[in-house]
Amino acid sequence: MSPIPTVRFLTGITTTGTPHLGNYVGAIRPAVEASRRAGTQNFYFLADYHALIKCDEPARIQRSTLEIAACWLAAGLDPEHVFFYRQSDIPEVPELTWLLTCVTGKGLLNRAHAYKASVDKNVAAGSDPDADVTAGLFMYPVLMAADILMFKAHKIPVGRDQVQHIEMARDIAQSFNHLYGEHFVLPEAAIDESVAMLPGLDGRKMSKSYDNIIPLFAPPELIRKQIANIVTDSRAPGEPKQVDGSALFQIYQAFASAEETQALRKAYADGIGWGDAKQLLFERIDREIAPMRERHDALINNPAQLEKILRAGADKARQIATPFMGELRHAVGLRNLAAPAGTAPKARQAKAALPSFKQYREADGRHYFKLVDAAGALLAQSTGFASPQDAGRAVAQLRQGRLDGLEKALQLADGVTAAQLSAALAVLSQA
Ligand code: TRP
């Protein structure tokens, strides 16, 4: 049986804070759901090298790594099924960072928003432009490119603030490929439009930097206390309330079903008191979080178990990273001196990691195509077309991921399911 074609998703979580409801709704929950989708391979890692750029408190880095790992696992991430690891357990990542550093233009890094913001702030304050700017901050995008390129990830789910970094990873990959051959897959940012931004206590985006968060796994009483602090207007019980602009309503909506949301909308119109609305919100959040809390607390209280899970994840990730790093070292000339020069093993074509179409003509004079998976195994075979243009049009449509009207013209290979075919087309349409 041919392997199911896969799109590789990869994302990192910087280990500087304690996870809050905004992280859960905006990143953890959608990622755990996405990790269960067929036809995908998922890499989630704790970006603790990145954390060092922002934080010089060792205890905080350690604690945050523990808390974030526990949260992701408690939220249902299955470390057997995905790649879940700690960045600093993969020595190939800093090694690759250096190779990439050597093909990255300094001018590219000069344009990075985060670095520029620090320089601008210094200039505005009349300080030296480089005051308190570390080389780590400057190099941040290169380290991030190494994270991504190491695992040939196609799609990078991130917030909008990270899109520039993904584009830089793409540029860096292109520079390397241009110089040394097609080793890297060019990644793309994946922004999930359906994930709502969660407002915090004051109505602005929930964020540690605004100090307006509701922690994810705090004791229920603390969560209740924070919910009591959500800003509302001064309308009394009995007066109709506005859902537009109500942070309380938006947070509720992020947890509730369509029916529950509709019921709260009606309660607002009917003049529910803010105290009662806050109680409803507390209960709804607690219903989702409570079952995970037990698992979370068990993991926090058993750091050795977490450590074991992360190390097993690193072993799994290094099965990819170690041989790939060997290939890259060879590509740039860091080679065994006893091996004759110029006998580079042919670089594996990074692009061959995707399914592809092959068009051809048969003895009957008709034009055919077949779809093969990354390993070259047959997925589906077309019926004959009168002209190469007709066959080409069908292929072009399929490349966009649209099967409509072509079902009859395609015959699945033995053992291949319709779902596998759709997954392969989905991969191609995103490639
Ligand atoms: N910079 C990302 C953030 O702050 C975290 C991160 C590090 C990351 N490496 C990554 C995200 C690789 C995606 C891919 O959110």
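Rules and cut-offs
Residues numbered from 1 in each chain as written. Predicted model: local features only at pLDDT ≥ 70, side-chain atom pairs only at ≥ 80, totals over all residues. Heavy atoms only, no water. Domains from an automatic or database assignment. Pairing = 2+ DSSP bridges. Helix = DSSP H or I, 4+ residues; strand = E, 2+ residues; numbered from the N terminus. Polar contact = N/O pair within 3.5 Å; in protein donor to acceptor, adjacent residues only side chain to side chain. Contact = heavy atoms within 4.5 Å. Phe/Tyr/Trp six-rings, centres within 6.5 Å; stacked < 30°, edge-to-face > 60°. Buried < 20%, exposed > 50% of the residue type's maximum accessible area, 1.4 Å probe, protein only. Near = heavy atom within 4 Å. Nonpolar A, V, L, I, M, F, W, Y, C, P; charged D, E, K, R; others polar. Core = buried A, V, L, I, M, F, W, Y, C linked by side-chain atoms within 4.5 Å. Bend = angle between axes of the 7 residues up to and from the residue. Salt bridge = Lys/Arg side-chain N within 4 Å of Asp/Glu carboxyl O.

**A few points about the domain arrangement of the chain**
How big an interface is tends to be expressed through the accessible area that disappears when the partners come together.
Part 1 of the reasoning: Examined at the domain level, the chain breaks down into domain 1 (7–193 + 302–329), domain 2 (217–291) and domain 3 (354–430).
Part 2 of the reasoning: For domain 2 versus domain 3, the distance between C-alpha centres works out to 51 Å.

**Concerning the pairing of strand E6 (residues 356–361)**
Part 1 of the reasoning: One ladder, built from six bridges, connects E6 with strand E7 (residues 367–372); its direction is antiparallel. Note that in E7 the partner of Lys358 across the bridge is Lys370.
Part 2 of the reasoning: Between E6 and E7, which pair antiparallel and follow one another directly, the connecting turn spans five residues, one of which, Gly365, has a positive phi of 85 degrees.

**Section: the side chain of Glu67**
Part 1 of the reasoning: If you trace the backbone, Glu67 turns up in helix H3 (residues 58–74).
Part 2 of the reasoning: Of the polar contacts made by the side chain of Glu67, one reaches the side chain of Thr18; its length is 2.7 Å.
Part 3 of the reasoning: For Glu67, the residues in contact, after removing those within four places along its chain, are Gly17, Thr18, Pro19, His296 and Ile300.

**Notes on the packing of aromatic side chains**
Part 1 of the reasoning: Enumeration according to the criterion identifies 15 aromatic pairs in this entry.
Part 2 of the reasoning: Between the aromatic rings of Tyr24 and Phe255, the centroid separation amounts to 6.2 Å while the plane-to-plane angle is 10 degrees, which identifies the pairing as stacked. Of this pair, Tyr24 sits in helix H1 (residues 21–34) while Phe255 sits in helix H10 (residues 247–255), placing them 231 residues apart in sequence. In this pair, the class of Tyr24 matches that of Phe255, namely buried.

**Topic: the site of the ligand**
Part 1 of the reasoning: The full set close to the ligand counts 14 residues, and Gly12, His50, Tyr140, Asp147 and Gln162 are the nearest of them.
Part 2 of the reasoning: Here an oxygen atom of the ligand and a side-chain polar atom of Thr14 are 3.4 Å apart.
Part 3 of the reasoning: Within the side chain of Tyr140, an N or O atom sits 2.5 Å from a nitrogen atom of the ligand.
Part 4 of the reasoning: Looking at the shell around the ligand, the elements with two or more residues in it are strand E1 (7–14), strand E2 (40–47) and helix H7 (135–150).
Part 5 of the reasoning: Residues that form the shell around the ligand fall into these classes: eight nonpolar, five polar and one charged.

**Focus on the pairing of strand E3 (residues 83–86)**
Part 1 of the reasoning: Along E3, one buried face is formed by Phe83 and Tyr85 and the opposite face, lined by Phe84 and Arg86, is buried too.
Part 2 of the reasoning: In terms of strand pairing, E2 meets E3 through four bridges, oriented parallel. By the bridge assignment for E3, Leu46 is matched with Arg86.

**With respect to unusual backbone geometry**
Part 1 of the reasoning: Residue Asp132 is not a glycine yet carries a positive backbone phi of 60 degrees.
Part 2 of the reasoning: Mapped onto the elements, Asp132 comes out in the loop between helix H6 (113–124) and H7.
Part 3 of the reasoning: Phi angles above zero are rare outside glycine, and Lys152 is one such case at about 50 degrees.
Part 4 of the reasoning: Within the fold, Lys152 resides in the loop between H7 and strand E4 (155–157).
Part 5 of the reasoning: You can call Lys152 buried: its relative accessible area is 12%.

**Re the nonpolar core**
Part 1 of the reasoning: The biggest cluster of nonpolar side chains holds 57 residues, and the ones touching the most others in it are Tyr24, Trp72, Phe84 and Ile230.
Part 2 of the reasoning: Every element with two or more residues in this core is listed here: H1, E2, H3, helix H9 (220–228), H10, helix H11 (258–269), helix H12 (274–300) and helix H13 (303–332).
Part 3 of the reasoning: Here the element with the most residues in this core is H12; it accounts for nine residues.
Part 4 of the reasoning: Mapped onto the domain boundaries, this core takes at least three residues apiece from domain 1 (7–193 + 302–329) and domain 2 (217–291).
Part 5 of the reasoning: Ignoring any residue separated from it by four or fewer positions in sequence, one finds Trp72 in contact with Ile13, Ala27, Ile28, Ala31, Val32, Tyr44, Leu77 and Phe84.

**Here we look at the environment of Ile272**
Part 1 of the reasoning: Here Ile272 shows up in the loop between H11 and H12.
Part 2 of the reasoning: Assessed through its relative accessible area of 15%, Ile272 is described here as buried.
Part 3 of the reasoning: Ile272 sits 76 residues away from Ala196 along the chain, and the two C-alpha atoms are 25 Å apart.
Part 4 of the reasoning: Beyond its immediate sequence surroundings of up to four residues, Ile272 is in contact with Lys241, Ala267, Ala277 and Leu280.

**Considerations on H13**
Part 1 of the reasoning: Maximal helix bending in H13 amounts to about 40 degrees, located at Arg318.
Part 2 of the reasoning: Along H13, the residues classified as buried are Leu306, Ile309, Leu310, Gly313, Ala314, Ala317, Ala321, Phe324, Met325, Glu327, Leu328 and Ala331.
Part 3 of the reasoning: Backbone geometry just downstream of H13 places Gly333 in the positive-phi region, at approximately 105 degrees.

**Remarks on the pattern of salt bridges**
Part 1 of the reasoning: Inspection of every chain in the model, using the stated rule, returns 19 salt bridges.
Part 2 of the reasoning: A salt bridge links Arg318 to Glu92, with the nearest nitrogen and oxygen atoms 2.9 Å apart. Of this pair, Arg318 sits in helix H13 while Glu92 sits in helix H4 (residues 92–101), and the two are 226 residues apart along the sequence.
Part 3 of the reasoning: The class of Glu92 is buried, set by a relative accessible area of 4%.
Part 4 of the reasoning: Note that Asp404 is salt-bridged to Arg402, the shortest N-O span being 3.6 Å.
Part 5 of the reasoning: A relative accessible area of 45% places Asp404 in the partly exposed class.
Part 6 of the reasoning: Through salt bridges that share partners, Arg86, Asp89, Glu307 and Arg311 make up one connected network.

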